Amino acid sequence: MEAVIELNQFRVYGLTDEPLHVSNVGDDMVLIAAPEETIRNKLGEIVGMEVPVSLTDNEGETVLPGRITAAEEGGCAGETELVMVFDTVEEATEPLAEMRERFAARYAFHSGVEHKAPRNNTAKPVMDEVLNDIARRETGKTVRLNEGDAADGRSVARALAEQMGLKYTDLEASGVDVLKVRDFRREFLLKHLFIPLYENAGYCKIAVVWELAPEAVAAIERTYGEKVSYSVAPEEQLVSAIEHAFNISENRRRAARMGVALRVRLGLYDTSWNLTAGPVQGVTRNLSGSGILTASPPLQKDPYSSVGARIGVLLFLPEYERPLRAMGRVVRASWLSKDPPVHLYAVEINHISEDDRRKLDVFRYTLMWGPHRLRVD
């Protein structure tokens, strides 16, 4: 058996009678989406198989030794995802890097069927350079919200919609087709935060919270085709719609309070992002989508002098070996204890990498709505 990956449309030939789809490309692996009914009787034969893989386009072909190591649930309902790894990592590094770039370009998030090309994001803030990654909601210009807006999820969503060049959708007014939501797996929807609103005559509209990753766009196009447009909905409404679609009952408040504290590392920075205080080790039991409340040794002698300061946070989650990194500002600070000295810092998260944001959201949503959910506030 030989697998052929066609790089223009990211189709996979040779593993089954019907062509399959590439669902994502990693540093040393390719994920392949297959309908469960198509692959079910072949899993024993395919998993563990070593297979030559041809990466081909109009300009030529590269052959790499691949191996299918696992079959997992895919992002779409009724879908299995095959994990294909390449043992000769050095040999595969350059072809996979090029394939990853092409996949990201092919499935770049776009504002509608008329604008398939990705937007040009030029105005990257200094925080992105510090994090060495793309900020979660960076789309080329800054959205400024006052405190009243920040407390109102609708105002935030409207501002983001304007920033991204999309329409705003109030899900409470428009309604949600729960059966359509179930076209995707719950965990995948919570990871990427989107829901399908409706499909008609080969055209589909999707509600999002922010720009989608290529793997989410690819899953949407596998399900509905390329005629897709997007609108922005409030995060709280969208998560509530996912919860309702999958019959999960929970308290809709958004900060998860954990029974066991998580470890964090904090440091204060000046306007040029030079470390001015810390780092110190702290703990948190409270996580929300936009910040954390953490207790730690003092960063400065007087906690109130830290308010408004830029702060960097490393958050250690039990599921991940590498800590999540974020930048933000201190919005409140107070004494928690004077002997020993412990300060309480409320940190607003302003910038976090796309990958770390999704890890944080999946962790929070699992705490609040998972089968062993913890208390929420």
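Residues numbered from 1 in each chain as written. Predicted model: local features only at pLDDT ≥ 70, side-chain atom pairs only at ≥ 80, totals over all residues. Heavy atoms only, no water.

## Details of empty space enclosed by the protein
Enumeration over the complete set of coordinates arrives at two cavities of 30 Å³ or more. Quantified by volume, the second largest cavity comes out at close to 60 Å³. What lines the second largest cavity is Ile292, Val313, Leu314, Leu315, Leu324, Arg325, Ala326, Ile349, Ile352 and Leu360. In terms of residue class, the lining of the second largest cavity is built from nine nonpolar, no polar and one charged. (1 Å grid on protein atoms, 1.4 Å probe; cavity = no way out; pocket = protein on both sides within 12 Å on 5 of 7 lines; lining within 4 Å. Points joined across faces, edges and corners; volume = space filled by probe spheres on them. Nonpolar A, V, L, I, M, F, W, Y, C, P; charged D, E, K, R; others polar.)

## Looking at the side chain of Lys180
Structurally, the position occupied by Lys180 is in helix 8 (residues 178-181). Separated by 3.0 Å, the side chains of Lys180 and Glu199 make a polar contact. Beyond its immediate sequence surroundings of up to four residues, Lys180 is in contact with Pro196, Glu199 and Tyr224. (Helix = DSSP H or I, 4+ residues; strand = E, 2+ residues; numbered from the N terminus. Polar contact = N/O pair within 3.5 Å; in protein donor to acceptor, adjacent residues only side chain to side chain. Contact = heavy atoms within 4.5 Å.)

## Observations concerning the sheet that holds strand 10 (residues 203-208)
Two modes of strand pairing occur in sheets, parallel and antiparallel, and in both the strands are linked by backbone hydrogen bonds. On the basis of which strands lie adjacent, the open sheet formed by four strands has the order 8-11-10-9 and mixed pairing. Sheet topology places strand 8 (167-168) and strand 9 (194-200) at the edges, where each strand pairs with a single neighbour. Contacts from helix 10 (residues 214-224) reach strand 9, strand 10 and strand 11 (228-232), with the element oriented near 25 degrees to strand 9. Against the sheet, helix 11 (residues 235-245) engages strand 9 and strand 10, with an angle of about 75 degrees to strand 9. (Pairing = 2+ DSSP bridges. Axes fitted to C-alpha atoms, helices over the stretch in contact; angles between N-to-C directions.)

## Topic: unusual backbone geometry
Residue Pro279 is reached from Gly278 by a cis peptide bond, and omega for that bond is 5 degrees. Turning to its location among the elements, Pro279 is positioned in strand 13 (residues 275-287). The residue Phe10 is not glycine, and still its phi comes out positive at about 55 degrees. The buried category is assigned to Phe10, whose relative accessible area is 1%. Look at Leu193: it is not a glycine, yet its phi comes out positive at around 55 degrees. The topology assignment puts Leu193 in the loop between helix 9 (186-192) and strand 9. (Buried < 20%, exposed > 50% of the residue type's maximum accessible area, 1.4 Å probe, protein only.)

## Considering the nonpolar core
It is characteristic of soluble globular proteins that their nonpolar side chains tend to be buried jointly. Counting 69 residues, the largest nonpolar core has Met99, Phe194 and Tyr230 as the members making the most contacts within it. It is helix 10 that contributes the most residues to this core, six residues altogether. Counting residues in hydrophobic clusters, the runner-up holds 23 residues, among them Val313, Leu317, Val330 and Phe363. (Core = buried A, V, L, I, M, F, W, Y, C linked by side-chain atoms within 4.5 Å.)

## Quick look at the sheet that holds strand 4 (residues 29-35)
In space, the seven strands of this closed barrel follow the order 1-2-3-4-7-6-5, with mixed pairing throughout. Across this sheet, the average inter-strand angle for adjacent strands is 40 degrees, counted without regard to direction. When strand 5 (residues 50-57) meets strand 6 (residues 60-73), the two strands line up antiparallel, connected through eight bridges. Bridge pairing links Ser54 to Val63 in strand 6. Strands strand 3 (20-25), strand 4 and strand 7 (79-86) of the sheet are contacted by helix 10, whose axis makes an angle of about 165 degrees with strand 3.

## Re helix 10
Within helix 10, eight of the 11 residues are buried, which leaves the element mostly enclosed by the surrounding structure. Every buried residue of helix 10 is accounted for by Glu215, Ala216, Val217, Ala218, Ala219, Ile220, Glu221 and Tyr224. Trailing helix 10 by a residue or two, Gly225 shows a phi angle of about 90 degrees, which is positive.

## Focus on the pattern of salt bridges
Across all of its chains, the model carries 14 salt bridges by this definition. For Arg186, the salt bridge identified is with Glu187, shortest N-O distance 3.9 Å. Residue Arg186 is classed as buried on the basis of its relative accessible area, which comes to 13%. (Salt bridge = Lys/Arg side-chain N within 4 Å of Asp/Glu carboxyl O.)

## So, the pairing of strand 9
In this structure, strand 9 lies alongside strand 10, joined through six bridges in antiparallel fashion. Bridge pairing in strand 10 places Phe194 opposite Val208. The antiparallel hairpin formed by strand 9 and strand 10 contains two residues in its connecting segment, where Ala201 sits at a positive phi of about 55 degrees.

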